[in-house]
Structure formats: C-alpha cells, structure tokens
Amino acid sequence: MKVTTTSILTWPAKAVAGLFVTLSIASSCSDPSSIGLDLDPNNNQIGVFYAEIPLSASMVLLDSFNTTNAGAMVIGGGTSDFFGATEGIGFSRLAINPAGARPEQNAVLDSVKFNFQIESVIGNDLSTPKSISVHLLNERILDTTYYNFDRLEFDPQPIAQGSFNFANRQDTLVSVQMESGFSQFIFDELKKGDAFRDIFTFRNLIPGIAFQGNTGEEASTSIRVGNTTGIIVYYKNEGDTVSRGYAISTAQSRHFNYVNNDRTGTPTAVITEPGQSYDVGPKVGTKSNVGLLLRLDTSPIDAFLDTLQNVTFNDIELEIGPLKSNIATNRPPTSMIMFFASENNTILTGPEGQEFSVQQESRPQLVTENGVARPATSAPTYLAYSSNSNLYRQKITSYMNAVYRLGLQRNDFLLYPATPQPGSGDIFKRSFREFVVDQNDIKLKVYYSKIRAF
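Now for a quick tour of the structure. Because the structure is a prediction, the values reported are computed rather than measured.

Conventions used here
Residues numbered from 1 in each chain as written. Predicted model: local features only at pLDDT ≥ 70, side-chain atom pairs only at ≥ 80, totals over all residues. Heavy atoms only, no water. Helix = DSSP H or I, 4+ residues; strand = E, 2+ residues; numbered from the N terminus. Buried < 20%, exposed > 50% of the residue type's maximum accessible area, 1.4 Å probe, protein only. Contact = heavy atoms within 4.5 Å. Areas by Shrake-Rupley, 256 points an atom, 1.4 Å probe, with all protein chains shown as cover. Phe/Tyr/Trp six-rings, centres within 6.5 Å; stacked < 30°, edge-to-face > 60°. Pairing = 2+ DSSP bridges. Polar contact = N/O pair within 3.5 Å; in protein donor to acceptor, adjacent residues only side chain to side chain. Salt bridge = Lys/Arg side-chain N within 4 Å of Asp/Glu carboxyl O.

### Focus on the overall build of the protein
Part 1 of the argument: In terms of helices and strands, the protein carries 5 helices and 26 strands.
Part 2 of the argument: Split into buried and exposed, the 454 residues of the protein put 53% on the buried side.
Part 3 of the argument: Long-range pairs, those at least 24 residues apart, make up 80% of the contacts in the protein with a sequence separation of at least 6.
Part 4 of the argument: Total accessible area on the protein stands at roughly 20,600 Å², and carbon and sulfur atoms take up 46% of it.

### A word on the packing of aromatic side chains
Part 1 of the argument: Across all of its chains, the model carries 26 aromatic pairs by this definition.
Part 2 of the argument: Aromatic pair Tyr 392 and Phe 435: ring centres 5.2 Å apart, planes at 55 degrees, arrangement tilted. Of this pair, Tyr 392 sits in strand S23 (residues 391-395) while Phe 435 sits in strand S25 (residues 434-438), and the two are 43 residues apart along the sequence. In this structure, Tyr 392 and Phe 435 share a single accessibility class: buried.

### Regarding the pairing of strand S17 (residues 292-297)
Part 1 of the argument: Of all 6 residues making up S17, 5 are buried, and the element is well covered by its neighbours.
Part 2 of the argument: Note that strand S3 (residues 56-61) and S17 share 6 bridges and pair antiparallel. Paired with Met 59 across the two strands is Leu 294, which belongs to S17.
Part 3 of the argument: Where S17 and strand S24 (residues 413-417) come together, 3 bridges link them in antiparallel fashion. Considered in S24, the bridge of Arg 295 is made with Leu 414.

### Some thoughts on the side chain of Asp 315
Part 1 of the argument: Mapped onto the secondary structure, Asp 315 falls in strand S18 (residues 311-320).
Part 2 of the argument: There is a polar contact of 2.8 Å between the side chain of Asp 315 and the side chain of Lys 395.
Part 3 of the argument: In this structure, Asp 315 is in contact with Lys 395, Thr 397, Lys 445, Val 446 and Tyr 447, ignoring residues within four places of it in sequence.

### Some remarks on helix H5 (residues 397-405)
Part 1 of the argument: All buried positions along H5 are accounted for by Thr 397, Ser 398, Tyr 399, Met 400, Ala 402 and Val 403.
Part 2 of the argument: Phi for Gly 407, located one or two positions after H5, is positive at around 85 degrees.

### Considerations on the pattern of salt bridges
Part 1 of the argument: Evaluated as defined, the whole model comprises 18 salt bridges.
Part 2 of the argument: Two residues, Arg 224 and Glu 119, come together in a salt bridge whose shortest N-O distance is 3.2 Å. Pair noted here: Arg 224 is in strand S11 (residues 219-224) and Glu 119 is in strand S6 (residues 108-123), with a separation of 105 residues, a long-range link.
Part 3 of the argument: You can call Arg 224 partly exposed: its relative accessible area is 35%.
Part 4 of the argument: For the salt bridge of Lys 429 with Asp 426, the shortest nitrogen-to-oxygen distance reads 3.8 Å.
Part 5 of the argument: One network of salt bridges, with partners in common, ties together Arg 295, Asp 302, Arg 410 and Asp 412.

Pasting the structure below:
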C-alpha cells in the first residue's frame, strides 16, 4: 500500500476551524509520524494532515439474481469492449377487470393499441429510433421465482411492434397499433366474454406476453409494469359518438427479466462462477441487471490506522472516478450503498436479516442491544454520482471514527446500486446502467489532526 501524506502548515488553534474552507494542499510525501508539530513545535499544539489511501476492487457476479416483480422489464441491449454483448427480454402476465363493461354484440371495433410506459432508455446515441415488439407466450408464467437466466418460449411473430425516437426524452408514454389479426381476435373474444369471466379463464386465452428490443440498435429500454403498460381495445356500441375503451394491462402482474450476457473476449470473460471475487485487471466496473458489481478492498485502511496515534479525523471522503464515459443518455447508476461484504461475497446481515452498511454522517455506526454491539442499519449512506465531476463521492468520516475509536469491525464493501428515493424499487434490476473505472481512480481522501500530548 502506498499512502500519500501531506502536512499542512500548522496555524494557531483558533484558526483551525477556517482552515478547511480554503485548504490548499502541497504535493509532498512524508511519514505522518514525522511531520506537523515537529516542524514548528512552539507555534501551536495542532497539526493538520492530508492523506490519500489508494483502494482496489475486484468484481463479483451475484449468485441467484432474482428478477421477479422488479417493477420494470429491460429489453434490447448492445455490446461493449468491457462487458461484452448483452440482451434483455421481458416476460409478463396480463390483467383484466372481469367486472368491466365489454362491447355489446353489435359493437364496432375502432382500434387496438399497445401502450408502453417507458422508464428509461440507455444508449450512447439515441438519435435514431429504437424498436420494441410484443409477442404472445407459448407457455404460462408460473407462481415461482424467476432469475435473470430464466426465459420462456414465445411466438416469433409479434402482435405489436414499433420504433420510437427517444432523443429528446427517455421517460415517456408511447403507443403502437396492434397487428390487425390480433386486434380482431381480441375484440371477438371480448364480445363473446367467455375468456373474460375471471383472470384464470383469461390466462387460458393469453398466458402472457414477451417484450423484445433490437440489440443491433445499441440501446436498452426499461418498460414500467403497471396500469399504463398494456392493451387498450377501442370500440363503439350502437349509438355511441365516441369510442369506449377496455384495458388489458400489466398492473399487478407477475413479471421477470431474462438477461443474456456473453463476455467472451473481454476482460470480464474470466468471471464465470457466482459468488467469487475476480481480478479483471487495471479496469473494473458494474453492470445492472447482469448482477456484476464491485467488491472494494478496504484492508489498506488497517495499515493506515496502524501508523496513527492521538489523531482526530476531520473529513474523510471515498471517491471513485472519473469514470470512463460521461454521456447524458448513458449515465451510470445514480448511487450505490456500501454494504459490508462477507468472505463468500454476500451482504453481512444481522440475526433478523438486517443488512449492514456504512451509515450516514453524524449518525451512529454502532448500536447496542441487550449488551451486544452490532453495526447500525437505520440510516445507510449512498455513494452519489455527479455528472459534472463524473465521480462517485461520499463522506465516511463517522464510519472511520467508529473503526478507529469504537471497535467497529472493518469489512470490505460490496457496492450495490440503489437509491434513497422511496418507491423506486431495486434499481439494480431496472436497467442496464453500467460504469467502468481505472483501479488507480479509487481512493480515500483523509484530512486529520494530530494533537500534541503534554
């Protein structure tokens, strides 16, 4: 481990509070035990230091990456030099309202449309239209758990397809006319009504649908599951002047995502077994919905703390980046939780399943229950991405103080894409967002004071 430590000229103690506002750091390296007060022992009793601690990361493929009912389906994909070729296909049941008004026997069909509630579109170039197609399943979606390696058979002939330009906006509602043969079929079945008595008879008619994109277009689309994604049959009963609509949506419908990631010929091709840590070379990265994330080796923290005595940590920041790309329509995950990693690359948890992670600044990092201390879990902090700096950053001063002073066990971090926004779901399963970073651009920036003992 090579730690770069810089001393900052000692000032009178009353000026220390303002020091960090206008801090200017020299580019020299010194042993933290031999600089600071020793340079000017009669001036004051406080020496301020800056240290950079380089960290490294390995890559982990999560075991059993469950994509059931993630709230969105990710379709399409593309290729990259680091992650290889990726394709996503979404599968969903459909839902009906058995009590909803259906067309009368003399009703006339107006049209049948399929609406897609688009949550995001990811790609380096969205100036050309991106394709979406909908297909009938040849088998049922079961009441079971589906993983990203699961898929079902579907009719290759789509019942709806269209191309959409997402250059100006990537979160929007788009619609396409359904194929005429299916439109007439579903309208006739609606008028008969036998298949619309309840959800079970309906699933005998339509067991489910598959959503597919075109990987050759080098973009992925996240389609939100709910009332606004699905079929609407427009018709007129005799005497109507305006159309009526009957909705067949994906609301509260079981769904999952199939993901195929071929990493052949890339640095990540060595990643073959779930739950293992892999050294992939000078660059590392994370890719959502594939289950690839970073394990951050925090062991250099121990070596650094062993060099210190009688110090106070003023400000410590974990910084990752700059990332290898910064494209407005292909941003990385907005934030990541720093979970504590076990030896077998799972998240460390408490006896009741609480997930242990770095907590927010000025919040307890340890709690005591029944006389037993354990990591706190109520206020996880997030590594936040800024497109302006193209960096992930977060202060972890309270965490480091807990490791140094309170006996909190130091663990490696599993960096899991997540967001603190309520109701946003598991964002690691809702897109193909990714990033790549040089190992040399992962570091801790530490400002600390050394107090002279009398």
